[in-house]
Protein chains: 2
Amino acid sequence: MSTRSSTGTSTSTTSWVAGATGSAHDVDNLPYAAATWPGSATPRLVTRIGDHAVDLAAAGAGTRWADLLAAPGLDPLLAAGPEAWAGVRGWLTDLLTDEQAARDVVLLPVDDLVLHLPFTVGDFVDFYASEHHATNVGRIFRPDGDALLPNWRHLPVGYHGRSGSVVVSGTPVRRPCGQRKAPDEPLPSYGPSARLDIEAELGFVVGRGVPLGERVPTSGFADHVFGVVGVNDWSARDVQAWEYVPLGPHLGKSFATTVAGWVTPLAALEPARVPLPGQDPAVLPYLTESADWGLDVEIEVELAGEVVSRPPYRLMYWSPAQMLAHLTVNGASLRPGDLFASGTVSGPERDQRGSLLELSWGGREPFTAGGRERTFLEDGDEVVLRYSAPGAFGRIALGEVRGTILPALP
Amino acid sequence: MSTRSSTGTSTSTTSWVAGATGSAHDVDNLPYAAATWPGSATPRLVTRIGDHAVDLAAAGAGTRWADLLAAPGLDPLLAAGPEAWAGVRGWLTDLLTDEQAARDVVLLPVDDLVLHLPFTVGDFVDFYASEHHATNVGRIFRPDGDALLPNWRHLPVGYHGRSGSVVVSGTPVRRPCGQRKAPDEPLPSYGPSARLDIEAELGFVVGRGVPLGERVPTSGFADHVFGVVGVNDWSARDVQAWEYVPLGPHLGKSFATTVAGWVTPLAALEPARVPLPGQDPAVLPYLTESADWGLDVEIEVELAGEVVSRPPYRLMYWSPAQMLAHLTVNGASLRPGDLFASGTVSGPERDQRGSLLELSWGGREPFTAGGRERTFLEDGDEVVLRYSAPGAFGRIALGEVRGTILPALP
């Protein structure tokens, strides 16, 4: 493979890193993480190439990006904006494809890394952008009513989640306690959630901010969004069902949201851009897309060692550019590190549903995982979300999202 | 007045600062702000005494609190915890009542200060804790149903707001645009909110944090909450009414939330503590109060130069200790700077309602302010929320919350 990078000087796109070429972590991927490893004291920025990582503080010393790359996480790079994002990616591509550089770059085995939250999460907004998910939830909870509420096709419905409870992949998740009341119970009771669930989502990491009072049009998406992360928005359905009127989910969601340790830059997803499946009725002008920001990302949901679902992100009704335009249309400011997520990704088939609520149809239709019938999460369950997408040279892997359920506190 | 402070050495509680004694800013108050003034470059921590402010970085240099007080805002002091809060307050009380200190302390006229956001806002949770407000809203929007929803008396209903849109008193508020649809309209439209409203609230500033997975019992309230701020949670009712099902308010609230520049420490509100008006049915054990955290704070709502309402905080159904216990019962972490607010404070009388939605009964019963009939906010309107409470020596004033409406962007 040989081409000229638009921002760099290399004429090769074949990496000198053994095992990288043709892998899911070739030079068309190059995600970022904040990691420690044996001998490192504080988290440092790294990128991944093949089964190795590059210490960006070391590799970037003396470059014009040195200050951004010496940080303990992505915050300064996020704030630096799209020119810097492209510049760093171009430099990295050159570094990892230039045989001359091989002498100087120290490679760390990726298995030696401990990943940390890669950026400081500002505000966290979670949308509800999958028509199949929203329809399933409507049918489960309102079997006699319209599956979709009247506003759903007119705006990307969303709400604020708790940014302080966002944790990195691998962090154990303790089963939350809370208040819940089944419809047939006269009074609420307190105790561990009995309907603990996952939500397989894709998250978008805001880079360059916007002051209060301004708006980001759909055409400004790539100027303000740095990249994507897998998201598991753990949900206590029993707590949520009792608390959520009229102000929306709160305790049922605020105990933990797991994000991938690796942030995939938007640039790596260029080959994954696809048109939306279609919007009817037509959206208001401020939500009209100027370019395709549907994304052909495939998700794999593994529960207890078994893949139970493969939600297709390409079928999402609302695009992330529309989500961002909606989020800011009232003048809400954006800060580097703000995170917004798609909401549960579900497809039309049973094995494409992104939550156990849907997979078990409200707990009434158990499914099989790990050799047993299942409805909601059990203590000790491990959930792994894996993400992949078409890259420039083949499929790229996005960072996985992993979590194991610990029993509730007594 | 003469007494011995439990933490200091002074034997007097009479301040040497001219005009302080007997004022609403006597030594029983001592709120904190982050301020600049002519000649100062970056924000510095100050306290207020009478009509003057003390530069805490200067006054605290050489004390054991020097590092906390040299910060550009409250963040380090918040994180330092209740021993430090009491220590600083004791030292300040000594300083401002010890005639010997008068030679060394530089007083700044409070009118010379420009106040900045006094702390970095972590997560912002807004509750809905006034029975009168929730009942009014229920009657306005669901005239034929139960005014209160089934969960309301069992848990303090709340949701996450946008922390990035929290601004300090005095910041102009631009009328937001957004999507709205009246019930008699076939389709939604886009434009400036026509039902822009206030919500007069009291906010609670979290100091010492709690790791993910732990809980704060009601008895832990004063270990984790540093102080209070007045809050105006500006609301676009038309946007909110269309968007809020099923995930709660989003764009209708996320364009601006104004907080007071002065944070009043919880210690100053000791004399304001009162029992709650009463809870029926009895709450679940995790919400049982171990001490009274009702607060006899009086609020004054001024619109266009006229006081239109006096909401009484002492009638709130849920206490802030219950709000905090609920907020963390699922293991949600707390960070210094997390902010939670009460929701609109309303009393049983018309002139005790904390929102224009209630004052105008959904816009159907105009009221008078500034010599004219009013329903919702007009461009150019200035709203001022003033707060006072019984202090140790008389009534103390909390920081006011001020904002003027700018016309929507074209």
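Quick caveat: nothing in here was measured; it's all calculated off a predicted structure.

**Q** Any details on the relation of the copies chain A and chain B? Residues and values, ideally.
**A** Once turned by 180 degrees and shifted 0.0 Å along the axis, chain A lies on chain B with an RMSD of 0.0 Å. Interpreted geometrically, this transformation is the action of a two-fold axis. Across chain A, the rotation axis passes nearest the C-alpha of Gly248(A), at a separation of 2.0 Å. Of the interface residues in chain A, 100% have counterparts in chain B that sit at the interface too, so the contact is made through matching surfaces.

**Q** Before we move on, could you go through the interface of chain A and chain B and cite the residues and values that matter?
**A** Counting residues at the interface gives 57 residues for chain A and 57 residues for chain B. In total, about 5400 Å² of surface goes out of reach between chain A and chain B, with carbon and sulfur atoms giving 59% of it. Contact with chain B buries surface across chain A, with Arg162(A), Leu247(A) and Asn330(A) losing the most and accounting together for 15% of the total. Between the two partners, chain A and chain B, sit two salt bridges. The residue Arg162(A) makes a salt bridge to Asp338(B) at a minimum N-O spacing of 3.0 Å. Where chain A touches chain B, the interface holds 30 residue pairs in polar contact (both at pLDDT 80 or more). The set of elements that each furnish at least two residues to the side of chain A that touches chain B consists of β6 (124-127), β7 (158-161), β10 (177-180), β11 (189-192), α7 (237-243) and α8 (320-328) of chain A. When residues of the side of chain A that touches chain B are assigned to their parent elements, the largest contribution, four residues, is made by β7(A). Its residues assigned to classes, the side of chain A that touches chain B shows 33 nonpolar, 18 polar and six charged.

**Q** How would you summarise the sheet that holds strand β2 (residues 44-49) of chain B if you had to cite specific residues and measurements?
**A** Residue and element names in this part refer to chain B. Taken together, five strands build an open sheet; the order of strands is β4-β3-β2-β1-β5 and the sheet is antiparallel. At either margin of the open sheet sits one strand with a lone partner, and together these are β4 (107-109) and β5 (114-116). Averaged over neighbouring strand pairs, the angle between their axes works out to 50 degrees when direction is ignored. Across three bridges, strand β3 (residues 52-55) lies against β4 in antiparallel orientation. In the strand pairing of β4, His52 is matched with Pro109.

**Q** Could you give me a rundown of helix α5 (residues 131-141) of chain A, with the residues and numbers involved?
**A** Inspection of α5(A) places His133(A), Ala134(A), Thr135(A), Asn136(A), Val137(A), Gly138(A) and Ile140(A) among the buried residues, and these make up the whole buried set. Where α5(A) is buried, its residues meet α9 (356-359) of chain A.

**Q** So what's going on with the domain arrangement of chain A? Residues and values would help.
**A** Residues and elements named next belong to chain A. Partitioning chain A into structural domains gives domain 1 (32-116) and domain 2 (124-406). If you average the C-alpha positions of domain 1 and of domain 2, the two centres end up 29 Å apart. A buried area of about 1400 Å², summed over both sides, lies between domain 1 and domain 2, and 72% of it is on carbon and sulfur atoms. Of all residues in domain 1, Tyr32, Leu78 and Trp85 give up the largest surface area on contact with domain 2, accounting jointly for 41% of the area buried on that side. Taken together, the connections running from domain 1 to domain 2 amount to one salt bridge. Arg208 is the salt-bridge partner of Glu83, the closest N and O atoms lying 3.1 Å from each other. Applying the counting rule to domain 1 against domain 2 returns three residue pairs in polar contact (both at pLDDT 80 or more). At the level of secondary structure, the elements contributing two or more residues to the side of domain 1 that touches domain 2 comprise β1 (32-36), β2 (44-49), α3 (75-80), α4 (82-97) and β5 (114-116). Class assignment for the residues of the side of domain 1 that touches domain 2 results in 13 nonpolar, three polar and three charged.

**Q** Account for the side chain of Asn151(A), naming residues and giving values.
**A** Mapping Asn151(A) onto the fold places it in the loop between α5 and β7. Of note is the side chain of Asn151(A), whose polar atom sits 3.0 Å from the backbone oxygen of Val245(B). Discounting chain neighbours no more than four positions away, the residues touching Asn151(A) are Val157(A), Trp242(B), Glu243(B), Tyr244(B) and Val245(B).

**Q** Go over the environment of Gly391(A), please, and point to the residues and values.
**A** All names here are of chain A. The residue Gly391 is located in the loop between β25 (382-390) and β26 (395-406) in this model. Taking the C-alpha atoms as reference points, Gly391 and Pro271, 120 residues apart in sequence, are found 5.5 Å from one another. Those residues in contact with Gly391, other than ones at most four positions away along the chain, are Asp28, Pro271 and Ile396.

**Q** If you had to explain the sheet that holds strand β4 (residues 107-109) of chain A to someone new, which residues and values would you point to?
**A** Residue and element names in this part refer to chain A. Strand order in the open sheet formed by five strands is β4-β3-β2-β1-β5, and the pairing between neighbours is antiparallel. What marks the edges here is a single partner per strand, and that holds for β4 and β5. Each strand axis lies, on average, 50 degrees off the axis of its neighbour in the sheet, ignoring direction. Sheet topology note: the β1/β2 ladder contains four bridges and is antiparallel. Counterpart to Ala34 in the pairing with β2 is Leu45.

**Q** Would you mind going over unusual backbone geometry in detail, with residue names and values included?
**A** All names here are of chain A. Cis rather than trans, the peptide bond between Asp280 and Pro281 has omega equal to 5 degrees. Note on placement: Pro281 falls in the loop between β18 (273-274) and β19 (294-295). One non-glycine residue, Trp361, lies in positive phi territory at about 45 degrees. Turning to its location among the elements, Trp361 is positioned in the loop between α9 and β23 (367-369).

Calculation criteria
Residues numbered from 1 in each chain as written. Chains lettered and ligands numbered in written order. Predicted model: local features only at pLDDT ≥ 70, side-chain atom pairs only at ≥ 80, totals over all residues. Heavy atoms only, no water. Least-squares fit on C-alpha atoms with pLDDT ≥ 70 in both. Contact = heavy atoms within 4.5 Å. Buried area = accessible area lost by both parts, 1.4 Å probe. Salt bridge = Lys/Arg side-chain N within 4 Å of Asp/Glu carboxyl O. Polar contact = N/O pair within 3.5 Å; in protein donor to acceptor, adjacent residues only side chain to side chain. Helix = DSSP H or I, 4+ residues; strand = E, 2+ residues; numbered from the N terminus. Nonpolar A, V, L, I, M, F, W, Y, C, P; charged D, E, K, R; others polar. Pairing = 2+ DSSP bridges. Axes fitted to C-alpha atoms, helices over the stretch in contact; angles between N-to-C directions. Buried < 20%, exposed > 50% of the residue type's maximum accessible area, 1.4 Å probe, protein only. Domains from an automatic or database assignment.

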